[in-house]
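# Geometric and topological summary
In case you want the letters, here they are:
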Amino acid sequence: MSGLALNARVVGALGMRSVRQTLRRPQLVSPILIFPTLLLAVQTGGAGSAVDLPDFPEVNGFLDFMIAGAMIQATLLAGNSGGIALAVDLEMGFTDRLFSAPISRFAIVLGRLAGTAVLGAFTALWFIAIALIFGVQFEEGIPGAVLMIVFVTLSAVAFGALSAAIALYAGQASVVQGLFPLLFVILFLSSAFFPAELMLEPAASVAEYNPLSFIVTGIRDQVVGGFDLAVFAETVGAIALIGAISIALSAVALRRRLRVG
Amino acid sequence: MGAAVHSRAVAAIEVEGLKREFEGGIRAVDGVFLEVAEGEIYAFLGPNGAGKTTTVRMLTTLLRPTGGSARVAGHDVVADSGAVRRAIGVALQEAALDPLMTGRELIRLQATLHGLAGSEGARRAEALLGRVGLTQAGDRRVGTYSGGMRRRLDLASALVHEPRVLFLDEPTTGLDPVSRKAIWEEVAALNREGTTVFLTTQYLEEADQLADRVGIIATGRIVAEGTPTSLKAEVGKPHLEVGLADGSAEHAEQVCAAFGRRLPAKDGKILVELEHGASEVAKVVRALDEAGIAVESLELVEPTLDDVFVDKTGEHLEGADKQAPPAQAESA
């Protein structure tokens, strides 16, 4: 078997393990699905009148606006959970088993990210199903829904790589878990749950340039507003930027870990 | 004792001046030299913090040396680490297993890591689970396994690609005597099949029973090396402890002195070093009997590897007097 084929199989097998691990550990599933769903229900029910604010985007209901925010929140948390799981592997020495195998060591990180990608795709499907059940109409129809899944999946990989970098650097699950509050600050300082143009300064400016806002807008446009090439390009660019930086940081952190031992 | 060394001509492991210094100048391994022949069981014996695990991590390519060199299965651990990893099996301390996986899943994952096709991985997983007595538990999550079962699973997973050299880092630490014996038997069987085994241990008995040769390590250096018998022979001969039924100690000492050097008495017992070893015990008994001396107890005390350790370092091995934790029921 060629090196590339072997490493591709390893990425698949480790991705499968990662998904199984999440499904077998309820405490990893709940932050990815249950918590964002509850927050979505609370916000949609409690702050639904926000749609009546002047300059609020044209929507049929608050859920139309919120569904993209819930997706990106779940995606961030899926990425973070992947980082926590990697740190747990490091803590218990499971990664030594992988590092002592004749494979590319970066395949170990990619395997974890493959699992995160699957979970990302699953969260997208979950929220699309919720949206459909509660009568959300997708402006761009099925192609738009597929594009949402692609954006969410790729975002999960990008955020997962960032968490993996931190896990590899710190080697402690508690450190990666400690990112939770920071993720929420970043999330609320984006247009995930509220239009950036209706925020007060300086939050409005932060949200305007927050890469999460670009990703959320690209996802949201498939429900409200419709496809826009410029927004599409910005979304792809934001995901690519976060992904490239995160994967580079993961590679550096992995090299450091292997050097330090 | 494991199988006889098959050939001293081919070295499975060659280590020259291996060093590892950590941040802050801590030198965990400070110039280790050793050679392990193909088909040999080599035990690295030493207390916690002696440098055993750090050495194993370097030999298994998990840690880069900061000095010296090492070759495993003919490949340099730094320059040709991929080839080393293809040739070795590794079961590290504390059996690093994912508690959420089943035993079968773990072995199959290990097979994938070593490039085995899915069907072959499944076949070997079945065979290995059978070999280590875990067929029934193969589809249970590892989190439900006892310590002994985990170690056996760890050993099985290290064998999935039929490695030439097997590294076992403290394979029985914390196990009950029954589980320890099961691991020893499996290691000995593997060695009989031709696998070279490098194991670290802090148990004297383990090194004594299993190893063809023992390297005693303290503060990052090998302080003694040889077969368990030769190492023990270096520090002295066996001695006989004679407990007397009556008070004729002086007469008894005179009788015993004919068989070797007298040692200081201990707990009222006469101690004599047997010049020609255990074969003289019967002669001593006969001589005492002929002299009309009533013997209450007689014990032949062999030198232990701890005596070797004391001789070389001036300290006892940690826990040398307590070989294993109390027996526990295996929850298989």
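The text that follows walks through the structure, step by step, so that each part is easy to find. Residue numbering note: each chain is counted from 1, following its sequence as written. Chains and ligands are labelled by the order in which they are written, letters from A for the one and numbers from 1 for the other. Residues qualify for local features only when their pLDDT is at least 70, as the model is predicted, and side-chain atom pairs are given and counted only at 80 or more; totals for whole chains, interfaces and linings, by contrast, use all residues. Note: side-chain values were computed over all heavy atoms of the structure, leaving out hydrogens and water.

## What about the interface of chain B and chain A?
In this analysis, two residues are considered to be in contact whenever any of their non-hydrogen atoms come within 4.5 Å of each other. Listed per partner, the contact involves 34 residues of chain B and 27 residues of chain A. Take the accessible area each of two parts loses on contact, using a 1.4 Å probe, and add the two losses: that sum is the buried area. For the chain B and chain A pair, buried surface summed over both sides reaches about 2,600 Å², with 55% attributable to carbon and sulfur atoms. Three residues, Arg85(B), Leu100(B) and Leu113(B), lead the burial of chain B against chain A; their summed loss comes to 25% of the area buried on that side. A side-chain nitrogen of Lys or Arg and a carboxyl oxygen of Asp or Glu constitute a salt bridge if their distance falls within 4 Å. Of the charged contacts in the structure, one is a salt bridge between Asp96(A) and Arg57(B), with a shortest N-O distance of 2.8 Å. Numbered from the N terminus, helices here are DSSP runs of H or I no shorter than four residues, and strands are runs of E no shorter than two. Looking at the side of chain B that touches chain A, the elements with two or more residues in it are β1 (11-22), α2 (81-87), α3 (103-113) and α5 (147-158) of chain B. No other element matches α3(B), which puts 6 residues into the side of chain B that touches chain A. Looking at side-chain class alone, the side of chain B that touches chain A contains 15 nonpolar, 10 polar and 9 charged residues. The residue classification treats Ala, Val, Leu, Ile, Met, Phe, Trp, Tyr, Cys and Pro as nonpolar and Asp, Glu, Lys and Arg as charged. All others, Gly included, are polar.

## Some words on a negative patch on the surface
Side chains of Asp55(A), Glu197(A), Glu201(A) and Glu208(A) sit close together on the surface and give a patch of like negative charge. Structurally, Asp55(A) can be placed in the loop between α2 (26-46) and α3 (62-92). Residues enter patches when their relative accessible area tops 30% and they take part in no salt bridge; the joining distance is 9 Å for like charges and 5 Å for the nonpolar side chains Val, Leu, Ile, Met, Phe, Trp and Tyr. Surface accessibility follows the Shrake-Rupley procedure with a 1.4 Å probe radius. Residue values consider only the protein chains on display as shielding. Residues counted as positive are Lys and Arg, residues counted as negative are Asp and Glu, and His and the chain ends are not counted. Positions of charges follow a simple convention, taking NZ of Lys, CZ of Arg, CG of Asp or CD of Glu.

## Comments concerning helix α4 (residues 118-131) of chain B
All names here are of chain B. Expected span, for any helix, means 1.5 Å times one less than how many residues it has. Counted at 1.5 Å a residue, the expected span for α4 with its 14 residues is 20 Å, and the 20 Å between its end C-alpha atoms agrees. In this scheme, a residue with accessible area under 20% of its type's maximum is buried, one over 50% is exposed, and one in between is partly exposed, where area comes from a 1.4 Å probe on protein chains only. Those residues of α4 not exposed but buried are Gly121, Arg124, Ala125, Leu128 and Leu129. Seen end-on, α4 carries its buried residues on one side only, within an arc spanning 135°. Looking at the buried side of α4, the elements it contacts are α3 and α5. After α4 finishes, the residue Gly133 shows a positive phi value of roughly 70°. What the arc describes is the spread of directions from the helix axis to the C-beta atoms.

## Some points on the pattern of salt bridges
Counted under the stated rule, the structure contains 22 salt bridges over all chains. A salt bridge links Asp89(A) to Arg112(A); the shortest N-O distance between them is 3.0 Å. One end of the pair, Asp89(A), is in helix α3; the other, Arg112(A), is in helix α5 (residues 106-133), with 23 residues separating them in the sequence. As far as burial versus exposure is concerned, Asp89(A) and Arg112(A) are alike and both buried. Across the pair Arg213(B) and Glu40(B) runs a salt bridge whose closest N-O atoms are separated by 2.4 Å. Separated by 173 residues along the polypeptide, Arg213(B) in strand β9 (residues 213-218) and Glu40(B) in the loop between β2 (26-37) and β3 (41-45) bring together distant segments of the chain. Of the two residues, Arg213(B) and Glu40(B), both sit in the buried class. Ionic contacts of the salt-bridge type, sharing partners, join the residues Arg17(A), Asp89(A), Arg112(A) and Asp98(B) into one network.

## Regarding the side chain of Gln222(A)
Residue and element names in this part refer to chain A. Topologically, Gln222 is positioned in the loop between α10 (211-220) and α11 (229-260). Gln222 sits in the buried class, given a relative accessible area of 3%. Excluding its chain neighbours within four sequence positions, the residues that come into contact with Gln222 are Phe138, Glu139, Glu140, Gly144, Leu147, Met148 and Phe227.

## Regarding the sheet that holds strand β8 (residues 196-201) of chain B
Residue and element names in this part refer to chain B. DSSP bridges decide pairing: two strands pair if at least two such bridges lie between them. Taken in spatial order, the 6 strands make up an open sheet running β6-β7-β8-β3-β9-β10, and their pairing is mixed. Two strands lie at the open edges of the sheet, namely β6 (88-91) and β10 (221-226), each paired on one side alone. Pairs of neighbouring strands in the sheet enclose a mean axial angle of 15°, with direction left out of account. Summarising the sheet, β3 and β9 pair through 4 bridges and their orientation is parallel. Bridging from a neighbouring strand, Tyr42 pairs with Arg213 of β9. Angular values range over 0 to 180 degrees, each being the angle between N-to-C directions of two axes fitted as lines to C-alpha atoms, with helices fitted over their stretch in contact. Docked against the sheet, helix α8 (residues 228-235) engages β9 and β10, running at close to 105° with respect to β10. Where helix α11 (residues 305-313) meets the sheet, its contacts fall on β3, β9 and β10, and the angle it forms with β9 comes to roughly 40°.

## Remarks on the nonpolar core
In terms of nonpolar packing, the biggest core is built from 106 residues, with Ile13(B), Val72(B) and Phe198(B) touching the most fellow members. With sequence-adjacent residues up to four places away left out, Ile13(B) is seen in contact with Leu34(B), Glu35(B), Val36(B), Leu59(B), Arg71(B), Val72(B), Val165(B), Phe167(B) and Phe198(B). We call a set of buried Ala, Val, Leu, Ile, Met, Phe, Trp, Tyr and Cys residues a nonpolar core when their side-chain atoms join them within 4.5 Å. Within the second largest apolar cluster, 45 residues are counted, among which are Phe56(A), Phe138(A), Ala158(A) and Phe159(A).

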